Amino acid sequence: MSQTITQEFIKLRDRYIESQFSRMNPMQRKAVLSVDGPLLILAGAGSGKTTVLVNRIANIIGFGSAWGCEEIYREPTQEELDQLHSCVVKGEKVPESLMPLMRWKNARPWNVLAITFTNKAAQELKERIGKMLGPDLGEDVNASTFHSACVRILRRDGEALGYPRSFTIYDTDDQKRVFKEIYKELEIDEKFLPMKSAMSQISRYKDQMVSPEGAEDLAGDIRNRQVARIYKHYQDRLRKAGAMDFDDLIYNTVRLLADHEEVRQHYQEKFKYVLVDEYQDTSVAQFQLVRLLCSGTGNICVVGDDDQSIYRFRGATIENILSFEQQFPGAQVIRLEQNYRSTSHILDAANDVIQNNAGRKGKTLWTDLGQGEKVEYYQADSEQMEAIHIAEIIGKNLKMGMKLRDHAVLYRMNAQSGPIETYFARAGIPYRILGGQRFYDRKEVKDILSYMAIVANPQDDLRLRRIINEPARKIGAATVDRMGDLAVQQGIPMLEVCRHAQEYATLSRAAGALNGFIKIYDQLEETAEEKPLDEFVRDLLDITGYRQMLKAQGEEGQTRLENLGQLVNSVKTYCDQQGAQASLEGFLEEVALISDIDSYDENADSVVMMTLHSAKGLEFPQVFIVGMEEGVFPGEMSRYAQEDLEEERRLCYVGITRAKKKLCLISSRSRMLFGRTQYNQPSRFLGEIDPEHLEMTGNVAGQGANQNGYGSYGGYHVPGGRSGYSGTSYGQSTGYGGYSAQRTASSTSYGGYGGYTGGGGIRSSGYGQSFAGSTVKEATPTQGGKHQYKPGQWVEHKTLGRGQVLSVKPTGGDCIVEVRFDRVGVKKTMANYAPMKPVEE
DNA sequence: ATCGATAAGATCGAC
DNA sequence: TCTTATCGAT
């Protein structure tokens, strides 16, 4: 009798659990419910994989293995069965009292490890889980990047590898400095072995878990032997400084887990469920890490899309996702092919392009969002026209009620942002640029961070070298080098040598200055001990004399001082967030692991510009991809090797699939790049799209394009030789000053704590800032134009000052107005965008 | 030490 | 074209 009640209950339990995830499509639901064992989710672009991840984690925590499982905590009563039955029928949540019977071997939030590609994605995941299960539970889930997860493991257990608990994390800049020293020491000629190639080769070694000794064994030619030698010296230095670079974080964690059973067991028990997002972009080392972590329970779920693997150049191996089923026998594979993002012309264009790649798992995305608009292909004459066309479309879209933030401009290289940026700034279109120099990469910020770092870790000779004479303290390079030698000889940190300067004959002359530095250092240490973190940093600026130095530097110093003000703010924000947990080490760590995309704020209303790479994971109603040209995209370097070309194609696929409703692909007949004007053929990727999905605009016909208007080579005559280069410029050089001024003037927009709330690493239009709030209004073209201009007319521009109109040319729904400004010379502006109005003379 | 001239170099870039 | 690094001169 009770047997039937139990069976009945279990059957209903399955139905109930399924009903909790009823908003998913069947494939998604299957992925959410398959909790145990290895699982590969092949999630196409826009297929709702984050939703799947969130729900799957919710299921793991809420119900555990209960679905499809015969086990139950105890026999339910008839009354409980009725209760469940009524919940299922009415679609209500079961009462808490019933929950113990509803779950089986469910995990606690901290038993779940979810690894994402960026900090932002991790944060988002936590928030969404929090919304489903309650904020406390969300907070307790381990959601982080590979690197932050490794840092946590290494801080706790890294001493087994001979690193101090408070090891420093070296960024690329720090790495470069170490390399420079090693090049000098080993007398290596940069011409023979460029530092960049040595650095990246060593980075690749670490990605593949190759030790310095291993590199030695592998080395065939002289160059590789040299790299192995550098590798060895480099690791030596890092170890002495108690430092790890980004690659070491992964490499060392793998070593730690592989070689120390008790540590491994601890984490295998802790992380009962491991989930990895963006699996197509993982390295060999990351794969090994994942395998070590999950081999206790075997509960590993990876989500990825082989078609979106775009980081091969950085050590990612697409093999990880392609061979998942071999690596984890018995793996389930689930494909998510329904796309919820884009309309079908866009999606079909993406499918058309990607199907030209060999070596893919193969899937075809579909959508039920309808055909939507065709993909626009615009052929411009120059990169300026490219920008103008974009501005026109944005203008039209705004009129139709779209927001500035609905628009994204994507390009292959950061260098391509310039002309568009200039034009937008001039036309008064508020924009933001992601990428370029990060806030935390600025010299003054790094200097102050270095001061903080040596207080946290007095062994950090590299950071010490950086700031010992900044501001100038009469401690020259020769003195520093001598100190470095002494430190190496005695096996002590440089700071100790410095402290006992008078005991060394070679340092006698500088002893006074060195003593002075020690006084400063001691004072810092004391302040750090006595005061809260944010006050410490504020005082640090004065104790070190840094503030005074900048004050004496005029305008540029002022900007830098403002940046440091931001730094102090960010320390404060960090303190507020962490409360009693706040620590110097903690802050430095957080800063070291912050990226640009982390600070992208989707709510700020401005057009976003970024590289195709940084656009991964984002979506916009209207997307522009510029520079669709051979030699640009695909890039010159990747045109010939099959593998490189396929990666470019995947990048194109990523770009296309960012668009929800409208996509505009733009190529230009001429393009100035690196000071040369190039005449490129339209990108082959354009030719791969079925014309059925394309709508061509621009003066395609006139310029020798073939029937399709693209794709067939030779149809386009290249002036200036067949290489596609021409020494002569293309007449685009007029009215084009003020470029660099624009850029600098517009780089001061750091709201709030860079890494947390948005701002860091984002460069914005000065106009956008100054209008903040009323921007959209200002930038929205009104019917027929808000102001009428005619040649001879005097105008007043918000930032460019007074000027006289030279010419007015209608374009689209707007006019290009050429103005000679009193202060800055001749400029072109868009009548409806520019913050400009006619004035009486 | 700090400036200015000169040369080299320049994808993509998470952490 | 533009930036950045390095070197030599003041």
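Up top is the structure.
Here is a short report on the structure shown in this document. What you are looking at is a predicted structure, and each value in this text was computed from that prediction instead of being measured. (Residues numbered from 1 in each chain as written. Chains lettered and ligands numbered in written order. Predicted model: local features only at pLDDT ≥ 70, side-chain atom pairs only at ≥ 80, totals over all residues. Heavy atoms only, no water.)

## Here we look at the side chain of Glu-629
- Its place among the elements puts Glu-629 in the loop between β13 (620-625) and α30 (642-656).
- At a separation of 3.2 Å, a polar atom in the side chain of Glu-629 contacts the side chain of Asn-680.
- For Glu-629, the residues in contact, after removing those within four places along its chain, are Glu-386, Pro-634, Ser-667, Ser-668, Arg-671, Asn-680, Gln-681, Pro-682 and Ser-683. (Helix = DSSP H or I, 4+ residues; strand = E, 2+ residues; numbered from the N terminus. Polar contact = N/O pair within 3.5 Å; in protein donor to acceptor, adjacent residues only side chain to side chain. Contact = heavy atoms within 4.5 Å.)

## As for the pattern of salt bridges
- In total, this model carries 50 salt bridges according to the counting rule given.
- With a closest N to O distance of 3.7 Å, Lys-232 and Glu-216 form a salt bridge. Taken together, the positions of Lys-232 in helix α12 (residues 222-241) and Glu-216 in helix α11 (residues 212-218) put the pair 16 residues apart, joining distant regions of the chain.
- On the accessibility criterion, Lys-232 (34% relative accessible area) is partly exposed.
- The residue Glu-470 makes a salt bridge to Lys-443 at a minimum N-O spacing of 3.4 Å. Of this pair, Glu-470 sits in the loop between α22 (461-467) and α23 (477-490) while Lys-443 sits in helix α21 (residues 443-456), placing them 27 residues apart in sequence.
- Through salt bridges with shared partners, a single network forms among Asp-171, Asp-173, Arg-177, Lys-443, Lys-446, Asp-447, Arg-466 and Glu-470. (Salt bridge = Lys/Arg side-chain N within 4 Å of Asp/Glu carboxyl O. Buried < 20%, exposed > 50% of the residue type's maximum accessible area, 1.4 Å probe, protein only.)

## A short note on the nonpolar core
- Counting residues in hydrophobic clusters, the biggest one holds 67 residues, and the most contacted among them are Phe-179, Ile-230, Leu-249 and Ile-300.
- Apart from the residues lying within four places of it in its own chain, the contact partners of Leu-249 are His-147, Cys-150, Val-151, Leu-154, Phe-167, Ile-169, Met-244 and Leu-593. (Core = buried A, V, L, I, M, F, W, Y, C linked by side-chain atoms within 4.5 Å.)

## A closer look at the pairing of strand β6 (residues 273-276)
- The alternating pattern of β6 places Tyr-273 and Leu-275 on one face and Val-274 and Val-276 on the opposite face, and all of these are buried.
- As judged from the 4 bridges shared by strand β2 (residues 112-116) and β6, these two strands associate in the parallel manner. Across the sheet, the residue bridging to Ile-115 is Val-276, located in β6.
- Direction of pairing for β6 relative to strand β7 (residues 300-304): parallel, over a ladder of 3 bridges. Bridge pairing links Val-276 to Val-302 in β7.
- The β-α-β motif built from β6, the intervening helix α15 (residues 284-294) and the parallel element β7 has right-handed crossover chirality. (Pairing = 2+ DSSP bridges. Right-handed = clockwise from strand over helix to strand, strands pointing away.)

## Observations regarding the packing of aromatic side chains
- Across all of its chains, the model carries 12 aromatic pairs by this definition.
- Taken together, a centroid distance of 5.8 Å and an interplanar angle of 45° make the contact between Tyr-311 and Phe-313 tilted.
- The class for Tyr-311 is buried, based on a relative accessible area of 8%.
- With 5.4 Å between their ring centres and 65° between their planes, Tyr-574 and Phe-587 make a pair best called edge-to-face. Here the residue Tyr-574 occupies a position in helix α28 (residues 554-578), and Phe-587 occupies one in helix α29 (residues 584-592), the gap between them amounting to 13 residues. (Phe/Tyr/Trp six-rings, centres within 6.5 Å; stacked < 30°, edge-to-face > 60°.)

## Focus: a negative patch on the surface
- Judged by side-chain charge, Glu-525, Glu-526, Glu-529 and Glu-530 come together as a negatively charged surface patch.
- Looking at the element boundaries, Glu-529 is found in helix α25 (residues 511-530).
- Glu-529 gets classed as exposed once you look at its relative accessible area, which sits at 70%. (Patch = residues over 30% accessible without salt bridge, like charges linked within 9 Å, V, L, I, M, F, W, Y side chains within 5 Å. Areas by Shrake-Rupley, 256 points an atom, 1.4 Å probe, with all protein chains shown as cover. Lys, Arg positive; Asp, Glu negative; His and termini not counted. Charge placed at Lys NZ, Arg CZ, Asp CG, Glu CD.)

## Some details on the sheet that holds strand β3 (residues 142-145)
- Spatially, 6 strands are ordered β3-β2-β6-β7-β1-β8 in an open sheet, and the strand pairing comes out parallel. The open sheet has two edge strands with one neighbour each: β3 and β8 (332-336). The average angle at which neighbouring strand axes cross in this sheet is 15°, direction not considered. (Axes fitted to C-alpha atoms, helices over the stretch in contact; angles between N-to-C directions.)

## Observations regarding the pairing of strand β1 (residues 39-43)
- Among the 5 residues that make up β1, 5 are buried, leaving the element largely enclosed by the rest of the structure.
- Covered by surrounding structure in β1 are Leu-39, Ile-41 and Ala-43 together with Leu-40 and Leu-42, the residues of both alternating faces.
- Bridge count between β1 and β8: 5 bridges; the pairing is parallel. From the neighbouring strand, Ala-43 faces β8, where its bridge partner is Leu-336.
- As judged from the 4 bridges shared by β1 and β7, these two strands associate in the parallel manner.

## Side note on the environment of His-613
- Note that His-613 resides in the loop between β12 (607-611) and β13.
- Setting aside anything within four residues of it in sequence, one finds His-613 in contact with Ile-310, Tyr-311, Phe-313, Arg-412 and Leu-651.

## Description of helix α6 (residues 119-133)
- Spanning 15 residues, α6 covers 21 Å between terminal C-alpha atoms, matching the ideal 21 Å at 1.5 Å per step.
- Listed as buried for α6 are Lys-120, Ala-122, Leu-125, Lys-126, Ile-129 and Gly-130.
- Along its buried surface, α6 packs onto α3 (49-62), β2, α7 (135-140) and β3.
- At the exit of α6 stands Gly-134, carrying a positive phi of roughly 105°. (Expected span 1.5 Å × (residues − 1).)

## A word on the packing of helix α8 (residues 146-157) against helix α14 (residues 261-270)
- The N-to-C vectors of α8 and α14 enclose an angle of 135°; their axes lie 12 Å apart at closest approach. Classified by the angle between their axes, α8 and α14 sit oblique to one another. Taken as a pair, α8 and α14 cross one another with a handedness that is right-handed. Contacts from Ile-153, Arg-156 and Asp-157 of α8 reach α14 at Val-263, His-266 and Tyr-267.
- Tallied by class, residues from the contact of α8 with α14 come to 3 nonpolar, 1 polar and 2 charged. (Parallel < 35°, antiparallel > 145°, perpendicular 65-115°, else oblique. Left-handed = near helix turned anticlockwise from the far one by under 90°. Nonpolar A, V, L, I, M, F, W, Y, C, P; charged D, E, K, R; others polar.)

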